[in-house]
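# Understanding the architecture of this molecule
Spelled out from the first residue to the last, the chains are:
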Amino acid sequence: MLKHGFDMHRIYISGPGDLNAEKQACREAISNVNENSAMPAKVLLVSVGLPQEEAVNEFRSAVSDNIRQCSFYIQIFEDDWGPRELCRKLFDLACDARHDDGLPMREVLICLKDAPRETDPQILAFRKELQELPDVTVFPFTHTEQVKAKVIEVASGWVSTLLSKNPQSAQI
């Protein structure tokens, strides 16, 4: 195994297939934070997730293990939980992991894409449910660029918190 000296923290990024641009914006934001603040302090934020959420059907055990190993979880939504409510199962696992002191999960972030023309009562109820979740940060957005900016802000805060808990990383 290559010794790199970085304190690594995994971030699972999840979102139904029609939100791939937003998932990519999250990855770009994490790369930005790594380059500008994390890596100089010997911290590395590692984004993980499936290219398509539907693949969880084939790799559910591995995906669940991956989420349990993550420090942070970003969920992107607009109008539903995805096919067969797969994203709900992943999201619930992340929330449960956050409350398990034996696991590294620290925070769950929901990026909720605006749907101003939505009238379907089920979708409106879904969106309301997300916005009322306790202990979860919900960020409403309209444009993909807003997701990137918010993830830069949030991930920078994660790095600051990590450094405050491990001052030796900040001295390097």
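Structural data are supplied above this passage.
Contact pair helix 1 (residues 20–38) / helix 5 (residues 144–165): the axes reach a minimum separation of 8 Å and the direction vectors enclose 40°. Between helix 1 and helix 5, the angle is such that the two are oblique. Regarding helix 1 and helix 5, the two cross each other, and that crossing is right-handed. Contacts between helix 1 and helix 5 pair Ala21, Glu22, Ala25, Cys26, Glu28, Ala29, Ile30, Asn32, Val33, Ser37 and Ala38 from the former with Thr144, Val147, Lys148, Val151, Ile152, Ala155, Ser156 and Val159 from the latter. Residues of the contact of helix 1 with helix 5, tallied by class, amount to twelve nonpolar, four polar and three charged.

To continue, consider the pairing of strand 5 (residues 137–141). With five bridges joining them, strand 4 (residues 107–113) and strand 5 adopt parallel strand pairing. From the neighbouring strand, Leu112 faces strand 5, where its bridge partner is Pro140.

Quick look at unusual backbone geometry now. A negative phi angle is the norm for most residues apart from glycine, just as the trans form is the norm for most peptide bonds. Non-glycine residue Lys42 carries a positive phi angle of around 65°. You will see that Asp135, though not glycine, has its phi angle at about 60°, which is positive. In this structure, Asp135 sits in the loop between helix 4 (121–131) and strand 5.

It is worth spelling out the nonpolar core at this point. With 27 residues, the main nonpolar core has Ile11, Leu45, Ile74, Ile76, Cys111 and Val151 as its most contacted residues. Of all the elements, helix 5 adds the most residues to this core, at eight residues. Look past the residues within four positions of Val151 in its chain and what remains in contact with it is Cys26, Ala29, Ile30, Ile74, Leu109 and Ser156. Residues Ala94, Ile110, Phe126 and Val136 belong to the second largest nonpolar core, which totals 23 residues.

Our next topic: the sheet that holds strand 2 (residues 43–48). Ordered in space as 2-1-3-4-5, the five strands form an open sheet in which the pairing is parallel. Every other strand in the sheet has two partners, leaving strand 2 and strand 5 as the edge strands with one partner each. Each adjacent strand pair in this sheet contributes to an overall mean axis angle of 20°, direction not counted. Where strand 1 (residues 7–14) and strand 2 come together, six bridges link them in parallel fashion. Bridge assignment links Asp7 to a residue of strand 2, and that residue is Val43.

This next bit is on the packing of aromatic side chains. Taken as a whole and judged by the stated rule, the model has five aromatic pairs. Ring centres of Phe72 and Trp158 lie 4.0 Å apart, and the angle between their planes is 10°; this geometry places the pair in the stacked category. In this pair, Phe72 sits in strand 3 (residues 72–77) while Trp158 sits in helix 5, placing the two residues 86 residues apart along the sequence. For Phe72, a relative accessible area of 2% corresponds to the buried category. Overall, Trp158 belongs to the buried group, its relative accessible area being 4%. Residues Phe77 and Phe126 carry aromatic rings whose centres are separated by 5.3 Å and whose planes lie at 85° to one another, so their mutual orientation is edge-to-face. Taken together, the residues span a long stretch of sequence, with Phe77 in strand 3 and Phe126 in helix 4 at a distance of 49 residues. Each member of the pair Phe77 and Phe126 is classed as buried. By the ring-pair criterion, three or more aromatic residues cluster together here, those being Phe77, Phe91 and Phe126. A cation over a ring is seen here: Lys42 above Phe6, with NZ or CZ 4.3 Å from the ring centre.

About the thresholds
- Residues numbered from 1 in each chain as written.
- Predicted model: local features only at pLDDT ≥ 70, side-chain atom pairs only at ≥ 80, totals over all residues.
- Heavy atoms only, no water.
- Axes fitted to C-alpha atoms, helices over the stretch in contact; angles between N-to-C directions.
- Helix = DSSP H or I, 4+ residues; strand = E, 2+ residues; numbered from the N terminus.
- Parallel < 35°, antiparallel > 145°, perpendicular 65-115°, else oblique.
- Left-handed = near helix turned anticlockwise from the far one by under 90°.
- Contact = heavy atoms within 4.5 Å.
- Nonpolar A, V, L, I, M, F, W, Y, C, P; charged D, E, K, R; others polar.
- Pairing = 2+ DSSP bridges.
- Core = buried A, V, L, I, M, F, W, Y, C linked by side-chain atoms within 4.5 Å.
- Buried < 20%, exposed > 50% of the residue type's maximum accessible area, 1.4 Å probe, protein only.
- Phe/Tyr/Trp six-rings, centres within 6.5 Å; stacked < 30°, edge-to-face > 60°.
- Lys NZ or Arg CZ within 6 Å of the ring centre and 35° of its normal.

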